Amino acid sequence: MKPRRTMLFSMAAIAAATLGLVGCNADEAPQPQPAQSAETEGAEETSTEFVAPKSREVPEACAELELTLGAQLEGGALGECVGQALSSYGTGKMEISGETTGLVEFSYDPEFNVQGELQSPAGPVKLAYVGGEMWIDSGSGPVKGDAESEVLEEQLAAVAGELTRMYADIEQTVQLIQAQPVWQVAGDFATVELRDGEAVEAYKIVSGGAFSWHEIPVSELIVWFGEDWVPLSTQATVEMMGMRSTNGQEFYDLGEPVTIVPLG
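Residues numbered from 1 in each chain as written. Predicted model: local features only at pLDDT ≥ 70, side-chain atom pairs only at ≥ 80, totals over all residues. Heavy atoms only, no water.

(A) Structural detail: the pairing of strand S7 (residues 133-137). The buried count for S7 comes to four of five residues, which makes it a mostly enclosed element. Across five bridges, the pairing between strand S6 (residues 123-130) and S7 is antiparallel. Bridge pairing in S7 links Ala 128 to Trp 135. In sequence, S6 turns back onto S7 through a hairpin of two residues, with Gly 131 there showing a positive phi of about 65 degrees. Across two bridges, the pairing between S7 and strand S8 (residues 143-144) is antiparallel. Pairing of Trp 135 across the sheet is with Lys 144, part of S8. Counting the residues that bridge the hairpin from S7 to S8 gives five residues, and of these Gly 139 lies at a positive phi of roughly 120 degrees. (Buried < 20%, exposed > 50% of the residue type's maximum accessible area, 1.4 Å probe, protein only. Helix = DSSP H or I, 4+ residues; strand = E, 2+ residues; numbered from the N terminus. Pairing = 2+ DSSP bridges.)

Structure follows, in structure tokens:
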């Protein structure tokens, strides 16, 4: 299966924790492209199960790289690898840490879909991005994104959906890594504890200094991989809107089936 999309920065902390529903206003929000009609009635009531490929192969872009302790990696080649590594599993789950926390499950085939429950600075948020449509529930009931709606919450949900689509695109991850030309594999293995309690040896790959991605200053980005480029976790320290924050994500249940449904 050819990998199509991937996820870093937790889709920019799930589109900045769903934008205005946690503090942005309509004048500040970027304008998305017109979305499909957003009647909340008639939403799919049945679950959609996404099943990963039967076997995962090391992506070609990764197989060509030297994953050894102390190795220096060039950002161009590493970007292509990281952009494919997670999506090579097809499905999985992720725990987000930082100002926004929560659990997310996702799929990449046939299209990118994600569902999760998050705790943002403004409170709990449920979201589902499925079939190209964003659903958000910040405590007052589910809202379906509609860029042409006159209802502010529906406009902002559409913006969050558009940003989720943008940040989940594989090319964004490729560009993120390639924005820093030099990366260094640590000289010693790092110990990463998985959610099931198992401790594994991991390769810790660190950006070679600060860099900028889409005008966002990135002080440091670290990615941890197991043997055969198995994604384990990431940690990014970034500055957005004058605020400095460190966000992490830990991957688990890669390749396991997930069920993602609209919230309505």
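Next, the rest of the story.
(B) Region of the structure containing the side chain of Gln 180. Looking at the element boundaries, Gln 180 is found in the loop between helix H5 (170-178) and strand S9 (182-185). Gln 180 sits in the buried class, given a relative accessible area of 6%. Discounting residues that sit within four places of it in the chain, Gln 180 has contacts with Gly 75, Ser 207, Gly 208, Gly 209, Ala 210 and Phe 211. (Contact = heavy atoms within 4.5 Å.)

(C) Local environment of the confidence of the model for the chain. Residues at a pLDDT of 70 or more form 80% of the chain, whose mean pLDDT is 79. Below a pLDDT of 50 lies the segment residues 1-9, which in the model reaches 52 contacts outside its immediate sequence neighbourhood of four places, other chains included. For the stretch residues 11-46, pLDDT sits under 50, and the model shows 68 contacts to residues farther than four places along the chain or on other chains. (pLDDT = per-residue confidence, 0-100.)

(D) Seen up close, the packing of helix H3 (residues 75-85) against H5. With their axes 7 Å apart at the nearest point, H3 and H5 run at an angle of 145 degrees to one another. Considering how the two elements wind past one another, H3 and H5 form a crossing that is right-handed. Contacts between H3 and H5 pair Gly 75, Gly 76, Leu 78, Gly 79, Glu 80, Val 82, Gly 83 and Gln 84 from the former with Ile 170, Thr 173, Val 174, Ile 177 and Gln 178 from the latter. Per-class residue counts for the contact of H3 with H5 are five nonpolar, seven polar and one charged. (Axes fitted to C-alpha atoms, helices over the stretch in contact; angles between N-to-C directions. Left-handed = near helix turned anticlockwise from the far one by under 90°. Nonpolar A, V, L, I, M, F, W, Y, C, P; charged D, E, K, R; others polar.)

(E) Seen up close, the pairing of strand S13 (residues 216-226). When you tally the buried positions in S13, you get eight out of 11 residues, the bulk of the element. The pairing of strand S12 (residues 211-213) with S13 spans three bridges and is antiparallel. Looking at the pairing, Ser 212 lines up with Pro 217 of S13. What sits between the antiparallel neighbours S12 and S13 is a turn of two residues, in which His 214 has the positive phi angle 50 degrees.

(F) Spotlight on the pattern of salt bridges. Applying the stated criterion across every chain yields a total of three salt bridges. Here Asp 253 and Lys 93 are joined by a salt bridge, their closest N and O atoms 3.6 Å apart. Of this pair, Asp 253 sits in the loop between strand S15 (243-252) and strand S16 (258-260) while Lys 93 sits in strand S3 (residues 91-97), and the two are 160 residues apart along the sequence. Residue classification places Asp 253 among the partly exposed residues on the basis of a relative accessible area of 35%. Overall, the relative accessible area of 25% leaves Lys 93 in the partly exposed class. (Salt bridge = Lys/Arg side-chain N within 4 Å of Asp/Glu carboxyl O.)

(G) A look at unusual backbone geometry. Positive phi is not limited to glycine here, since Asp 228 has a value of about 60 degrees. Relative to the assigned elements, Asp 228 resides in the loop between S13 and strand S14 (230-240). The residue Trp 229 is not glycine, and still its phi comes out positive at about 60 degrees.

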